[in-house]
Amino acid sequence: MAYSDKVIDHYSNPRNVGTLDKSKNNVGTGLVGAPECGDVMRLQIEVDENQVITDAKFKTFGCGSAIASSSLATEWLKGKTVDEALAIDNMDIVEELALPPVKIHCSVLAEDAIKTAINDYRIKNGLPALELPKSHH
Amino acid sequence: MLTLPIYLDNNATTPLDPRVLEAMMPYMTNMFGNAASRNHPFGWQAEEAVDYAREQIAALINCSPKEIIFTSGATESDNLAIKGVFEMYASKGNHIITVTTEHKAVLDTCKHIEKLGGKVTYLPVNAEGLIDLKQLEEAITDKTILISVMFGNNEVGVIQPIREISAIAKKNGILFFTDATQAVGKIPVDVEADGIDLMAFSAHKMYGPKGVGALYVRRKNPRVKVTAQMDGGGHERGMRSGTLNVPGIVGLGKAAEIAKQDMESDTKRIIAMRDRLEKELLTLEESYVNGSTEHRLPHVSNISFKYVEGEGLMMGVKDLAVSSGSACTSASLEPSYVLKALGLSDDLAHSSLRFGLSRFTTDEEVDYAIDHVKEAVTKLRELSPLWEMFKEGIDLDTIEWAEH
């Protein structure tokens, strides 16, 4: 399968790989996917007192498109407020990375990871959990 | 001088040996006759070439030249053997025994037989990929007409106990068919000593051309017949109609001759390279060889690199042409059914690479492959949340994964 240049770029030079301290109250962690499905993403955000995402990190077990989707997501998250981050749609990722139809699930997983991380942050800070739309699988 | 990418997918297909191409060339140009034309030298030349190829092949597998039925390849041979026996021996029974790790050309043909009202038993394999002979014996009924077990597996290279299986078949008066596509030309195959009644193989897995293969059909002790699956001019003793692919057959013959002549030296070299590749890659933590290493084809190594996903790994080793146990191109994300049959979990099956070496593989290429794979696995593990959890001592089985 031919990958787009952007997927290859993120795969070869992934942005924001790493781990944030999940025990901290201002860190939200989203772990989605399953090893037997061939994709696991862990996406983390660090949020300041103004609800701005100051840092984002990821680690992904998966194909090139899954790695690129999560790498791109961390780039987009930094500097956004939590509410702005909630508006990131998987189709934005599909468009940016030119993912083929068989790889759309990678973008869905990245969106799930963002929302799960935000929810983790909300719960830690006494906010009600958001109703997550059932993933599109 | 190393040319990239390096081809290490020789279970899928092998390059054409230049000696084979040279033998074929005249039959693509001025010696173009139809081997069935009896009335002029063009036909005689072609027939002579086909007969010579039959002898070359017969010498490789120790049979009579008359027992070779030319086909378009191993898939057709598998179909002809199984469907042909099912039809020809319908009055004797309708039960076939095969194995879950067979090639799709056998498994899907058996599924077709089931639709026609036949009964098929699919034997499981153990963690090494080998069948249990006791289970085979227990599966036999008075309706069993055929046992179909592959010689060497295409994904993991495991060699089944062919002689023991054929002895069981013989004792019970059942025909024994083997898909030997990966074995013929690579390891000694002797239809007499191995007790084989029918055998499928292909030219392009042994440095011959694509589009040609053969079915060995025993003529004595017992005399075996298969019902033709294509109607036409009655070629190949009435078992396979269609104008013979003369250049292809000449190529298969030449490939067989070279295989016989070079097998010992080729095998020695290929095993040394395969073992070195494997030993080096196993220095990576949490990497495992899939299938038996004792009963295995010389050119194959299938390794799982835990906590790394197969398709991501394929992208990381883009300078190598290899196969992955992960078929992550469909929404279903189906891992290899062969690796699953060996008892591998889905994630370990997703994390596997299959290396297939050839007589043209060089030490320099193996060196490059070792470095390239090590680098890619290390890099992807740094990216892998599963690797991090493993390193922290977290048991991944205790995590409730969000199914998707």
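Note that the structure is predicted; figures quoted are calculated from it, not measured. (Residues numbered from 1 in each chain as written. Chains lettered and ligands numbered in written order. Predicted model: local features only at pLDDT ≥ 70, side-chain atom pairs only at ≥ 80, totals over all residues.)

A.B. asks: What is the right way to read the overall build of chain A from this model?
C.D. replies: Each helix and strand in chain A was counted, giving five helices and three strands. Of the regular secondary structure in chain A, the N- to C-terminal order runs α-β-β-β-α-α-α-α. The C-alpha atoms of chain A give a radius of gyration of 14 Å, which matches the 14 Å a tight globule of 137 residues would have. Within chain A, the proportion of its 137 residues that are buried is 50%. (Helix = DSSP H or I, 4+ residues; strand = E, 2+ residues; numbered from the N terminus. Rg over C-alpha atoms; globule rule 2.2 N^0.38 Å. Buried ≥ 20, exposed ≤ 12 C-beta atoms within 10 Å, placed from the backbone.)

A.B. asks: Would you mind going over the pairing of strand β1 (residues 27-34) of chain A with me for this structure?
C.D. replies: A regular strand places its side chains on the two faces of the sheet in alternate fashion. Residue and element names in this part refer to chain A. Judged by how many residues are buried, β1 sits mostly within the fold: seven of eight residues are covered. Pairing geometry for β1 and strand β2 (residues 39-47), over eight bridges, is antiparallel. Within the sheet, the bridge partner assigned to L31 lies in β2 and is R42. Hairpin connection between β1 and β2: a loop of four residues separates the two successive antiparallel strands, and G38 in this loop has a positive phi of roughly 85°. (Pairing = 2+ DSSP bridges.)

A.B. asks: Teacher, can you tell me more about the nonpolar core here?
C.D. replies: Note on soluble globular proteins: their nonpolar side chains tend to be buried together. Residues I82, L175 and Y216 of chain B are the most contacted members of the largest nonpolar core, which totals 91 residues. Per-element tally for this core: the top contributor is helix α7 (residues 246-281) of chain B, with eight residues. Excluding residues that lie within four positions of it along the chain, L175 of chain B makes contacts with V85, I145, L146, A169, D197, L198 and V224 of chain B. In terms of nonpolar packing, the next biggest core, distinct from the first, is built from 64 residues, C106, I114 and I118 of chain A together with L281 of chain B among them. (Core = buried A, V, L, I, M, F, W, Y, C linked by C-beta atoms within 7 Å. Contact = placed C-beta atoms within 7 Å.)

A.B. asks: I keep staring at helix α1 (residues 18-28) of chain B and nothing clicks. Help me out?
C.D. replies: Count 3.6 residues to each turn of an α-helix, and residues three or four apart come out pointing the same way. All names here are of chain B. Within the sequence span of α1, burial applies to V20, A23, M24 and Y27. Mapping the buried residues of α1 onto a view down its axis gives an arc of 90°, with all of them on the same face. Seen from the open side of α1, the exposed residues pointing more than 90 degrees away from its buried face are P18 and E22. The secondary structure elements touched by the buried residues of α1 are α2 (41-61) and α7. (Arc of directions from axis to C-beta.)

A.B. asks: Honestly, the pairing of strand β2 (residues 68-71) of chain B in this entry has me stumped. Any pointers?
C.D. replies: All names here are of chain B. Side chains of β2 alternate between two faces, with I68 and F70 and I69 and T71 buried alike. Sheet topology note: the β2/strand β8 (residues 213-217) ladder contains four bridges and is antiparallel. When the bridges of β8 are listed, F70 appears paired with A214.

A.B. asks: Quick question: what am I supposed to make of the environment of G33 of chain A here?
C.D. replies: Here G33 of chain A shows up in strand β1. Through-space distance from the C-alpha of G33 of chain A to that of T60 of chain A is 9.8 Å; in sequence the pair is 27 residues apart.

A.B. asks: Could you clarify how one ought to interpret the sheet that holds strand β3 (residues 53-61) of chain A in this entry?
C.D. replies: The strands making up a sheet associate through backbone hydrogen bonding, with each pair oriented either parallel or antiparallel. Residues and elements named next belong to chain A. Strand order across the open sheet formed by three strands is β1-β2-β3, with antiparallel pairing between neighbours. One side of each edge strand has no neighbouring strand; the edge strands of this open sheet are β1 and β3. Within this sheet the neighbouring strands show an average axis-to-axis angle of 10°, counted without direction. Where β2 meets β3, eight bridges bridge the pair, whose relative direction is antiparallel. Residue pairing in the sheet places Q44 in a bridge with K57 of β3. Packed on one face of the sheet, helix α2 (residues 64-77) meets β2 and β3 and runs near 175° to β3. (Axes fitted to C-alpha atoms, helices over the stretch in contact; angles between N-to-C directions.)

A.B. asks: What am I meant to see in the environment of M150 of chain B here?
C.D. replies: All names here are of chain B. Topologically, M150 is positioned in the loop between β5 (144-148) and α6 (162-171). Sequence separation of M150 and I165 is 15 residues, and the distance between their C-alpha atoms is 11 Å. If sequence neighbours within four positions are ignored, M150 has contacts with E102, H103, Q160, T178 and D179.

A.B. asks: Just checking my understanding: could you explain the packing of α2 of chain A against helix α4 (residues 90-97) of chain A for this structure?
C.D. replies: In helix packing, the relevant descriptors are the interaxial angle and the interaxial distance, both defined with respect to the helix axes. All names here are of chain A. As a packed pair, α2 and α4 sit with axes 10 Å apart at the nearest point and diverge in direction by 110°. Viewed along their axes, α2 and α4 adopt a mutual orientation that is roughly perpendicular. In this structure, α2 crosses over α4, and the sense of that crossing is right-handed. Contacts from S65, A68, S69, L72 and A73 in α2 reach I93, E96 and L97 in α4. When its residues are assigned to classes, the contact of α2 with α4 shows five nonpolar, two polar and one charged. (Parallel < 35°, antiparallel > 145°, perpendicular 65-115°, else oblique. Left-handed = near helix turned anticlockwise from the far one by under 90°. Nonpolar A, V, L, I, M, F, W, Y, C, P; charged D, E, K, R; others polar.)

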